Amino acid sequence: MPVLTRLIPSPVVVDIRPGALDDLGCVLADERISHSGKLAVAVSSGSGARLRERIAPSLPGADWFPVGGGTLDDAVRLAGAMKGGHYDAVVGLGGGKIIDCAKFAAARVGLPLVAVPTNLAHDGLCSPVATLDNDAGRGSYGVPNPIAVVIDLDVIRQAPARFVRSGIGDAVSNISAVADWELAHRVNGERVDGLAAAMARQAGEAVLRHPGGVGDHSYLQVLAEGLVLTGIAMSVSGDSRPASGACHEISHAFDLLFPQRAAAHGEQCGLGAAFAMFLRGAHEEAVDMAGVLRRHALPVLPEEIGFTPEEFVRAVEFAPQTRPGRYTILEHLDLTTDQIKDLYADYVKAIGS
Ligand SMILES: [Zn+2]
């Protein structure tokens, strides 16, 4: 009989709720994750280190590896330190940078990763991509999806609000990314994976439409689930397409052109998404998106993250070069500097100040 379904690479455990950390020991004791109890825990110096005391008693077979930052060198160093330890799995405990480092290191030593994020800064919590700073600025590296994701919403509540709000921008940008994907289909015949597109779009819409904020339990639940589903959508499609279009090209341009001044990933992607929606002529959606981002105190104008309008125009102009081969509204319109300036002025007028 032919195989008429497909298998989706996805975590065997997704546990998102207040107090989830208290059961981390049980999750890790799952035969599919760790049968010997020998675990390598990569931990950040901030939130991760604070949680170590609480978690350590439930993980007697764990070795702890403090991770300094989110560079490729940090990740390679971590892999080197864990090598030869005969671990069953790697646990990444900390913010986005630590999870990315742990993902890359786990892939390098051939071990599964359990992601235990302490904030919701972006959709990398459960994605098959590790974003790390390297000599050329910043790179994206393909890695396996985490085998388990544990998000304790009580811990998320303790995170700096900015690192939680940032995830809102990243989730909402899915709507623009999927619109770019559909545009590439219409114009170039690029294949759209309908399941991946549906998962990413629904995650973005749920976050966009939820009336709450980062102080509400139900909002954090939807945001965390949305970010996890976005990561799985990327696994389904086999690339970052469902969650990365013109919005992300603009964010990458900020990172590359102004490495010392770049804002949080999700802040830049949210702004990029609102502008990209405007560029594609979806003015109502752009105004709507900008209104939601504003309600969450996220930037919708470059000045709100310390960039001048001229620098924003430069970033938009440079953006297509950050992802050669990816067709978005920016490649489609192929705008001149003056056209970007004019459209930016129209965007500012449309969203109001
Ligand atoms: Zn992103």
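Model, not experiment: these values are computed from the prediction.

**Focus: the packing of aromatic side chains**
Then step 1. Summed over the entire model, instances satisfying the criterion amount to twelve aromatic pairs.
Then step 2. Taking the centre distance of 5.4 Å and the plane angle of 75° together, the rings of F104 and Y141 count as edge-to-face. Of this pair, F104 sits in helix α4 (residues 96-108) while Y141 is found in strand β7 (residues 137-142), placing the two residues 37 residues apart along the sequence.
Then step 3. Taken together, a centroid distance of 5.3 Å and an interplanar angle of 85° make the contact between F275 and Y347 edge-to-face. With F275 in helix α10 (residues 265-279) and Y347 in helix α14 (residues 337-351), the pair connects residues that are 72 residues apart, well separated along the chain. In this pair, the class of F275 matches that of Y347, namely buried.
Then step 4. Taken together through their ring pairs, the aromatic side chains of F254, F258, F275, F278, F307, F312, Y344 and Y347 make up a single cluster.

**Let's talk about the coordination of the zinc ion**
Then step 1. Surrounding the zinc ion are the protein donor atoms D170 (OD), D170 (OD), H248 (NE2) and H265 (NE2), at 2.1 to 2.8 Å.
Then step 2. If you look at the zinc ion, its four donor atoms make angles of 51 to 140° with each other, and the shape they trace is irregular.
Then step 3. We note that the donor set of the zinc ion lies within a single chain, spaced as D-x77-H-x16-H. One end of the pair, D170, is in helix α6 (residues 161-188); the other, H265, is in helix α10, with 95 residues separating them in the sequence.
Then step 4. Given a relative accessible area of 23%, H265 falls into the partly exposed group.

**Re the packing of α6 against helix α9 (residues 246-257)**
Then step 1. For the pair α6 and α9, interaxial distance at closest approach is 7 Å and the crossing angle is 120°. Taken together, the axis directions place α6 and α9 in an arrangement best described as oblique. Contacts from D170, S173, A177 and D180 in α6 reach A246, C247 and H248 in α9.
Then step 2. Here the residues of the contact of α6 with α9 are counted per class, giving three nonpolar, two polar and two charged.

**As for the sheet that holds strand β5 (residues 113-117)**
Then step 1. What the six strands build is an open sheet, ordered β1-β8-β5-β4-β2-β3; its pairing is parallel. Across the chains shown, the open sheet's two edge strands, defined by having one partner strand only, are β1 (13-17) and β3 (62-67). The sheet shows a mean angle of 15° between the axes of neighbouring strands, direction not considered.
Then step 2. Examined bridge by bridge, β1 and strand β8 (residues 148-152) share five bridges and lie parallel to one another. Bridge pairing links V14 to V149 in β8.
Then step 3. Across the face of the sheet, helix α3 (residues 72-82) comes into contact with β2 (39-44), β3 and β4 (89-94) while running at roughly 160° to β3.

Calculation rules
- Residues numbered from 1 in each chain as written.
- Predicted model: local features only at pLDDT ≥ 70, side-chain atom pairs only at ≥ 80, totals over all residues.
- Heavy atoms only, no water.
- Phe/Tyr/Trp six-rings, centres within 6.5 Å; stacked < 30°, edge-to-face > 60°.
- Helix = DSSP H or I, 4+ residues; strand = E, 2+ residues; numbered from the N terminus.
- Buried < 20%, exposed > 50% of the residue type's maximum accessible area, 1.4 Å probe, protein only.
- Donors = N, O, S within 2.8 Å, 3.2 Å for Na, K, Ca; no water.
- Tetrahedral: all angles 85-135°; square planar, octahedral: opposite > 155°, others 65-115°.
- Axes fitted to C-alpha atoms, helices over the stretch in contact; angles between N-to-C directions.
- Parallel < 35°, antiparallel > 145°, perpendicular 65-115°, else oblique.
- Contact = heavy atoms within 4.5 Å.
- Nonpolar A, V, L, I, M, F, W, Y, C, P; charged D, E, K, R; others polar.
- Pairing = 2+ DSSP bridges.

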